[in-house]
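Letter by letter, the chains look like this.
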Amino acid sequence: MFRVVQQPTTARWEELMSEPRPKGKSFAISKWIVWEAYQRVKANDGAAGVDGTSIEEFERDLKGNLYKLWNRLSSGSYFPAPVRAVEIPKKHGQGGVRVLGVPTVADRIAQTVVRLYLEPKVEPLFHPDSYGYRPGRSALQAVGVCRERCWRTSWVIDLDIKAFFDSVPHELVLRAVRRHTDERWILLYVERWLKAPLQQEDGTLVQRDRGTPQGSSISPLLANLFLHYAFDVWLEKQFPNVHFERYCDDAVVHCKTEKQAQFVRGAIARRLAQCGLELHPDKTRIVYCKDENRSARYTNERFDFLGYTFRPRRAKAKAGKLFVGFLPAVSNEAMKEMGRELRSWRLNCRSDKSLDDFAHMFNKVVQGWINYYGRFYQSALTPLLRRINTYLVRWAKRKYKRLRGHTTRAKRWLVGVARRSPTLFAHWRLVRPDGWTMGAE
């Protein structure tokens, strides 16, 4: 029976991972691992798959559904359902859309079971400059390391792998998995997930002979494992003095000279072609890291990485002196994306709401923007945060009769609120209604 249990110690965890095969079952898979996988899938929430079953509906017969899944996984009779195709905007303000593959809840749990077995074996081997979807690593760490390396080297290769998640060769993925496990059931189910068809919104099934659905629980681990051999290890061996930052399929490579950058780019293109991948011919560029001490002029002097635009910017040194550095700040595309979401809230039209309501509804989102896009060159966020105050002034003019038609009076009213409750809104610690803003970096 499946029931809530305390998380085991490290020794107990290893024991569960290697427990003997139950009688009548083809594979030894711990029920506790299935339970842990369910807990992680529940914490991530997520949409329903092709069967329309949400987490809440799956939980109506939780014990029965988990036992059924464990039984099929252990006996080898588990087959995944088709993956539901969903179009979403690209992250970090890249523009355009990407197709996510949404597995069913049961399939997400099964994939997490495999990840729990496989990840401890491969994670310690991954390159330190691989940041995507790894425990204890983040996109902001990658941006920070990239910033420092741009100070030390003058050239960058801004890599873009064309349709990576749609192009990964299945056989090479399976070969990489085989290097780290001899568990037949892991190899069996990984292959079945790779080959599971994609179901379009009109119900059409698209068979796949390559690629791994972006959005599944196992895809990030498989992508990192594949690129560990296709890119990370190869680059370190071929060019030991060339550094890089990679966040899944998004990578930046640092070079000392333009000639070296051109040579390394050509070598990377040939290597990826050997692995069934292709550099995007338009989006992959060689960029000059221009600053106060590197003043030559080149066509490409900026690049985007993980929602930040790196380019020459004015900054203030600790001693107070102004200088021009090659620095990251929130990208224009990310600003547009946040601006679209801000407009969709229609703050100025919601006179049925109070300021406390707005704070409760939107503070978490705004704080998330500040936490991510405000980490570097925070002042670039100021125009967006000022717009929130502008919308609040318009809201006040609409809500209160005494403020209608009186913008200056409404501004003074909002300033008074901010003085009485300076922490009411997340952005007020950076941009207050009286015009005060926290200083630029």
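Keep in mind that this is a model prediction, so the values were computed, not measured.

With respect to the element layout, Glu123 can be found in the loop between α5 (105–122) and α6 (139–152). Residue classification places Glu123 among the buried positions, given a relative accessible area of 16%. Reaching out from Glu123, the side chain makes a polar contact with the side chain of Arg134 at a distance of 2.7 Å.

Looking now at the packing of aromatic side chains. The final tally for this structure, using the stated rule, is 31 aromatic pairs. For the ring pair Phe425 and Trp428, a centre distance of 4.9 Å and an interplane angle of 70 degrees mean the geometry is edge-to-face. The buried category is assigned to Phe425, whose relative accessible area is 6%. Chaining the aromatic ring pairs together yields one cluster made of Trp345, Phe358, Phe362, Trp369, Trp395, Tyr400 and Trp413. Geometry around Tyr131 places Arg137 over its ring, the cationic atom sitting 5.4 Å from the centre. Lying over the aromatic face of Tyr377, Arg313 brings its terminal NZ or CZ to 5.5 Å of the ring centre.

A contiguous patch of positive charge, built from Arg346, Arg398, Lys401 and Arg404, is present on the exposed surface. Among the secondary structure elements, Lys401 is positioned in the loop between α14 (382–399) and α15 (407–420). Since its relative accessible area comes to 69%, Lys401 is described here as exposed.

Mapped onto the fold, His280 is located in the loop between α11 (258–274) and β8 (285–288). Measuring from C-alpha to C-alpha, the distance between His280 and Pro89 comes to 19 Å, with 191 residues separating the pair along the chain. Polar side-chain contacts of His280 include one of 3.2 Å to the backbone nitrogen of Lys283.

Before going further, it helps to examine helix α9 (residues 184–195). Compared with the 16 Å implied by 1.5 Å per residue over twelve residues, the 17 Å span of α9 between its first and last C-alpha is a close match. Regarding α9, the residues found buried are Trp185, Ile186, Leu187, Tyr189, Val190, Arg192, Trp193 and Leu194. Those residues of α9 that are buried lie in contact with α4 (62–75), α5, α8 (170–178) and α10 (219–238).

Attention shifts here to the sheet that holds strand β6 (residues 243–247). With antiparallel pairing, the four strands of this open sheet are ordered in space as β6-β7-β3-β8. This sheet does not close on itself; its edge strands, each paired only once, are β6 and β8. Sheet twist, expressed as the average angle between the axes of neighbouring strands with direction ignored, equals 20 degrees. Of the pairings in the sheet, the one linking strand β3 (residues 155–160) to strand β7 (residues 250–255) comprises six bridges and is antiparallel in character. By the bridge assignment, Asp160 is partnered in β7 with Asp250. α6 rests against β3, β6 and β7 of the sheet, and its axis sits at about 160 degrees to β6.

Definitions and cut-offs
- Residues numbered from 1 in each chain as written.
- Predicted model: local features only at pLDDT ≥ 70, side-chain atom pairs only at ≥ 80, totals over all residues.
- Heavy atoms only, no water.
- Helix = DSSP H or I, 4+ residues; strand = E, 2+ residues; numbered from the N terminus.
- Buried < 20%, exposed > 50% of the residue type's maximum accessible area, 1.4 Å probe, protein only.
- Polar contact = N/O pair within 3.5 Å; in protein donor to acceptor, adjacent residues only side chain to side chain.
- Phe/Tyr/Trp six-rings, centres within 6.5 Å; stacked < 30°, edge-to-face > 60°.
- Lys NZ or Arg CZ within 6 Å of the ring centre and 35° of its normal.
- Patch = residues over 30% accessible without salt bridge, like charges linked within 9 Å, V, L, I, M, F, W, Y side chains within 5 Å.
- Areas by Shrake-Rupley, 256 points an atom, 1.4 Å probe, with all protein chains shown as cover.
- Salt bridge = Lys/Arg side-chain N within 4 Å of Asp/Glu carboxyl O.
- Lys, Arg positive; Asp, Glu negative; His and termini not counted.
- Charge placed at Lys NZ, Arg CZ, Asp CG, Glu CD.
- Expected span 1.5 Å × (residues − 1).
- Contact = heavy atoms within 4.5 Å.
- Pairing = 2+ DSSP bridges.
- Axes fitted to C-alpha atoms, helices over the stretch in contact; angles between N-to-C directions.

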